[in-house]
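Examining the three-dimensional arrangement
Here are the chains, one letter per residue:
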Amino acid sequence: MIKIKFLGAAGTVTGSKFLLTLDHYKVLIDCGLFQGIKYLRSLNRDPLPVNISEIDSVLLTHAHLDHSGYLPLLVKSGYKNEIYMTGPTQQLAAIVLKDSAKIQEEDADKANREGYSKHSPALPLYTEKEVEACFKQFRVVEPESWVSLDEKIQFRYRKNGHILGSCYLEIAYDGKIFVFSGDVGRKETLVLEKPLTPERADVLVVESTYGNRVHKKTSPEDELCDIIHEAIENKGNILISSFAIGRAQELMVVLQRLKKQKRIPDIPIYLDSPMSSEATKVLFQNPHWHKLSYEECLAIAEDVFFVKTVEDSTAVMNIPGSKIVIAASGMLAGGRILNYLKEYIEDARNTILLVGYQAEGTRGKALKDGAEEIKIHGQYYKVKAGVRELNTLSAHADKEELIDWVKNIKTPPAYVFLVHGENDALHALHSTIKKQLGWNAIIPSLHDEVNLF
């Protein structure tokens, strides 16, 4: 029996987990946390509806929390086998998971001290100690190399241009190829090479984050330049909500180039995210995974102030004059950016810049939709600062790029499952695949199980 069970990222854009059963062998592809609205977050505390002891392997496509963040819970629940990934993913996942645990422990402690949680006591999903326990099971795999899981099953990673180390998966069994896209990157990016494309897939599981839209063709340099000049004229600060891995590094590249071209003044730039700082080091350590020259990496390191402690964050807020602060999280769900948000959001001179996907139920989505007030740590703050968006740095392929990516598959797959998207995006991509390619596209629901062959 060959079947697939959708344990996450089905009907939503987070919590990627797909259990592929290949007769005698069970493979879990990705192991992510749910993020966004309260209902989704609550799913992280529910036990997985599978026998964890029967999972033989875990294959990770990349390090983002919605693809890797459930790993400590999986291990805590009894998973004892290998967790495969690329080298940069191993480095980044360690950073992401330790940061996730630290934030959860700090938030739980703060909630208990200040009494704004409905749970008594508030508890983290997992601790830093539990994160470190899962590292022993990490196994590094080079892209393009076929790896045997047993005598009948092989897999390989192929670069897909989303973030450093990210790949899509090809799993070979019984004469069939199963392809899991992970998150597909853009054709043209500042840092990474364009995604490789599969030529064959009997079963295709593909993301649809931007399945209902086409990214603007305008230059991110031009857009960001205009936003910065506007903020400086207002004598305000620019607070950029950024994903710590991938987006933060691209932002630093753009800002460094704008300064070098003298298109913006020598405004101070602060990166206030320990995870972003560590991820930037990983970028510099893996030159064969990106397009930046040594000189560009050096210029970024010299031009940006890396904020280390919470006390340093407070000091940055008190520095007079306009400044750019890049901080995580990208959807304003947590992290140090909330401290800046509380300080800056009620001042009309300031600009809050959203530079990535904003999932339903997040503060970022609320700001994007024009919310007049935002709740942070149990208190409400009036939204007086300007809210701007920069979509040209998206690390996800848009509808046209996704279609271009899948149509390189020469023979129609028996099944195409659309995952990792909100409802509108899923149905838009479903319609496009049906019309343009005539393939059997399916939108699974959470916990659906499909017998394939």
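The structure under discussion appears in the preceding block.
Residues numbered from 1 in each chain as written. Predicted model: local features only at pLDDT ≥ 70, side-chain atom pairs only at ≥ 80, totals over all residues. Heavy atoms only, no water.

Attention now moves to the overall build of the protein chain. Helix and strand counts for the protein chain stand at 14 helices and 22 strands. With the C-alpha coordinates aligned to their principal axes, the bounding extent of the protein chain is approximately 65 × 50 × 40 Å. Burial statistics for the protein chain: of 453 residues in total, 57% are counted as buried. Long-range contacts, defined here as pairs at least 24 residues apart, represent 74% of the contacts in the protein chain between residues at least 6 apart. (Helix = DSSP H or I, 4+ residues; strand = E, 2+ residues; numbered from the N terminus. Buried < 20%, exposed > 50% of the residue type's maximum accessible area, 1.4 Å probe, protein only. Contact = heavy atoms within 4.5 Å.)

With that settled, consider the pairing of strand 11 (residues 203-207). Across the five residues of strand 11, five count as buried, placing the element largely inside the fold. Burial of the side chains of strand 11 extends over both faces: V203, V205 and E207 are buried on one face and L204 and V206 on the other. Sheet analysis places strand 10 (residues 176-180) next to strand 11, joined by three bridges and oriented parallel. Bridge assignment links V179 to a residue of strand 11, and that residue is L204. (Pairing = 2+ DSSP bridges.)

Moving on, we get to the side chain of S322. Mapping S322 onto the fold places it in the loop between helix 10 (310-317) and strand 15 (324-327). At 2.7 Å, the side chain of S322 and the backbone oxygen of G236 are in polar contact. Ignoring sequence-local partners within four residues, the contact set of S322 consists of A231, I232, K235, G236, N237, I267 and P268. (Polar contact = N/O pair within 3.5 Å; in protein donor to acceptor, adjacent residues only side chain to side chain.)

This part takes up the side chain of D66. If you trace the backbone, D66 turns up in helix 2 (residues 65-68). There is no salt bridge for the buried D66, and the closest opposite charge comes from K17, which lies 10 Å off by N-O distance. A distance of 3.1 Å separates a polar atom in the side chain of D66 from a polar atom in the side chain of H420. (Lys, Arg positive; Asp, Glu negative; His and termini not counted. Salt bridge = Lys/Arg side-chain N within 4 Å of Asp/Glu carboxyl O.)

The next subject is the nonpolar core. By size, the foremost hydrophobic cluster in this structure holds 102 residues, and its most contacted members are L74, I171, F178, F180 and I326. The greatest single-element share of this core, amounting to seven residues, is contributed by helix 7 (residues 247-260). Aside from chain neighbours lying at most four places away, what touches I171 is L20, L22, I29, L59, I153, Q154, F155, K176, I177, F178 and F180. (Core = buried A, V, L, I, M, F, W, Y, C linked by side-chain atoms within 4.5 Å.)

Here seven strands make up an open sheet; going across it, the order is 6-5-4-3-2-1-22 and the pairing mixed. Either end of the sheet is taken by a strand with one partner, and the two such strands are strand 6 (138-140) and strand 22 (449-451). Shown here is a sheet whose adjacent strand axes are inclined to one another by a mean of 25°, direction ignored. Bridge count between strand 2 (residues 18-22) and strand 3 (residues 25-29): five bridges; the pairing is antiparallel. Note on strand 3: the bridge partner recorded for L19 is L28. Sheet strands touched by helix 4 (residues 87-114): strand 5 (83-85) and strand 6. Its angle to strand 6, the strand with the most contacts, is close to 150°. (Axes fitted to C-alpha atoms, helices over the stretch in contact; angles between N-to-C directions.)

Moving on, we get to the sheet that holds strand 11. Spatially, 7-8-9-10-11-20-21 is the arrangement adopted by the seven strands of the open sheet, whose pairing is mixed. Single-partner strands in this sheet number two, and they are strand 7 (147-148) and strand 21 (441-442). Looking at chain direction, strand 20 (residues 415-419) and strand 21 are connected through two bridges and run parallel. Each bridged residue has a counterpart across the sheet, and for V416 the counterpart in strand 21 is A441. Against the sheet, helix 13 (residues 399-406) makes contact with strand 9 (167-173), strand 10 and strand 11, and its axis sits at roughly 160° relative to strand 11, the strand it touches most. Against the sheet, helix 14 (residues 423-437) contacts strand 11, strand 20 and strand 21, and its axis sits at roughly 155° relative to strand 20.

Turning to the packing of helix 10 against helix 11 (residues 337-344), a few remarks are in order. Where helix 10 contacts helix 11, the axes come no closer than 11 Å and their chain directions differ by 25°. By the angle between their directions, the pair helix 10 and helix 11 is classed as roughly parallel. Judged by the twist between their axes, the crossing of helix 10 over helix 11 is right-handed. Residues S313, V316 and M317 of helix 10 touch helix 11, and the partners they reach there are N339, Y340, E343 and Y344. In terms of residue class, the contact of helix 10 with helix 11 is made up of four nonpolar, two polar and one charged. (Parallel < 35°, antiparallel > 145°, perpendicular 65-115°, else oblique. Left-handed = near helix turned anticlockwise from the far one by under 90°. Nonpolar A, V, L, I, M, F, W, Y, C, P; charged D, E, K, R; others polar.)

For helix 8 (residues 274-285), which comprises twelve residues, the first-to-last C-alpha distance of 17 Å matches the rise-based estimate of 16 Å (1.5 Å per residue) to within 8%. Within helix 8 the residues assigned to the buried category are M275, S276, S277, A279, T280, V282 and L283. For helix 8, the elements touching its buried residues are helix 4, helix 7, strand 13 (269-272) and strand 14 (305-306). (Expected span 1.5 Å × (residues − 1).)

This part covers the pairing of strand 17 (residues 373-376). Where burial is concerned, the two faces of strand 17 differ: the one with I374 and I376 is buried and the one with E373 and K375 is not. Between the end of strand 17 and the start of strand 18 (residues 379-382), which pair antiparallel, lie two residues, with H377 showing a positive phi angle near 50°.

So, on to the packing of helix 7 against helix 9 (residues 294-303). When two helices pack together, their arrangement is given by the angle between their axes and by how far apart the axes lie. Running from N to C, helix 7 and helix 9 point in directions that differ by 90°, and their axes come no closer than 10 Å. Considered as vectors, helix 7 and helix 9 are oriented roughly perpendicular to each other. Between helix 7 and helix 9, the residues in contact are M252, V253, Q256, R257 and K259 and E296, A299, I300 and D303, respectively. The class makeup of the residues in the contact of helix 7 with helix 9 is four nonpolar, one polar and four charged.

In this structure, P413 sits in the loop between helix 13 and strand 20. A residue is classified by how much of its surface remains accessible, and P413, at 5% relative accessible area, is buried. Separated by 235 residues in sequence, P413 and F178 have C-alpha atoms that sit 9.4 Å apart. Leave out the neighbours within four places in its chain, and P413 touches A201, D202, V203, L204 and W439.

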